[in-house]
Amino acid sequence: SLISGKKALELGLQVIAKIRGYADAAHTPLLFATTPALAIRKALSNTGLEASQVDYYEINEAFSVVALANQKLLSLPSVTSVSLNHVPLSLCYMTYPVCVCSS
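Residues numbered from 1 in each chain as written. Predicted model: local features only at pLDDT ≥ 70, side-chain atom pairs only at ≥ 80, totals over all residues. Heavy atoms only, no water.

Chemist: Just checking my understanding: could you explain the nonpolar core for this structure?
Modeler: For soluble globular proteins, nonpolar side chains are generally found buried alongside one another. By size, the foremost hydrophobic cluster in this structure holds eleven residues: Ala37, Ile40, Leu44, Leu49, Val54, Tyr57, Ile59, Val66, Ala67, Leu74 and Leu76. Breaking this core down by element, the ones donating at least two residues are helix H2 (35-47), strand E1 (56-60) and helix H3 (64-74). Ignoring any residue separated from it by four or fewer positions in sequence, one finds Leu49 in contact with Arg20, Leu44 and Val54. (Core = buried A, V, L, I, M, F, W, Y, C linked by side-chain atoms within 4.5 Å. Buried < 20%, exposed > 50% of the residue type's maximum accessible area, 1.4 Å probe, protein only. Helix = DSSP H or I, 4+ residues; strand = E, 2+ residues; numbered from the N terminus. Contact = heavy atoms within 4.5 Å.)

What follows is the structure in structure tokens.
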């Protein structure tokens, strides 16, 4: 669950992460597997971070080959999926929307 830092402090909760920014990206269906690389580059640019300032990259995708392909495209030393409890700084890409609404 996400709440504001102010609310977390009011409730006496430990803040374990801060969202500094985000980005979205899209490709044609044929190139969908390389979309995380686009989104990660945009997120880095939007936040003013350098790739070397990020400790962990998580590419949240059902097909492991997607993480491996984007690791290669971005020249990342490793891509991992770990709990936020263990990640001091993470740049995440989520393939699936958190919520889809329709009327």
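Chemist: Could you clarify how one ought to interpret unusual backbone geometry in this entry?
Modeler: Across the chain, the bulk of peptide bonds are trans and the bulk of non-glycine residues have phi less than zero. A positive phi angle is found at Ser75, which is not glycine, with a value near 55 degrees. When you line up the elements, Ser75 lands in the loop between H3 and strand E2 (90-94).

Chemist: Help me out: how do you make sense of the pattern of salt bridges in this one?
Modeler: Pairs can form between side chains of opposite charge whenever their charged atoms are close. Summed over all chains, the structure comprises two salt bridges. Measuring nitrogen to oxygen at the nearest pair gives 3.7 Å for the salt bridge that ties Glu10 to Lys7. Separated by three residues within a single helix, Glu10 and Lys7 lie in helix H1 (residues 5-10), roughly one turn from each other. Residue classification places Glu10 among the exposed positions, given a relative accessible area of 52%. A salt bridge links Lys42 to Asp24; its shortest N-O distance comes to 3.4 Å. Taken together, the residues Lys42 in helix H2 and Asp24 in the loop between H1 and H2 connect sequence positions 18 residues apart. Residue Asp24 is classed as exposed on the basis of its relative accessible area, which comes to 57%. (Salt bridge = Lys/Arg side-chain N within 4 Å of Asp/Glu carboxyl O.)

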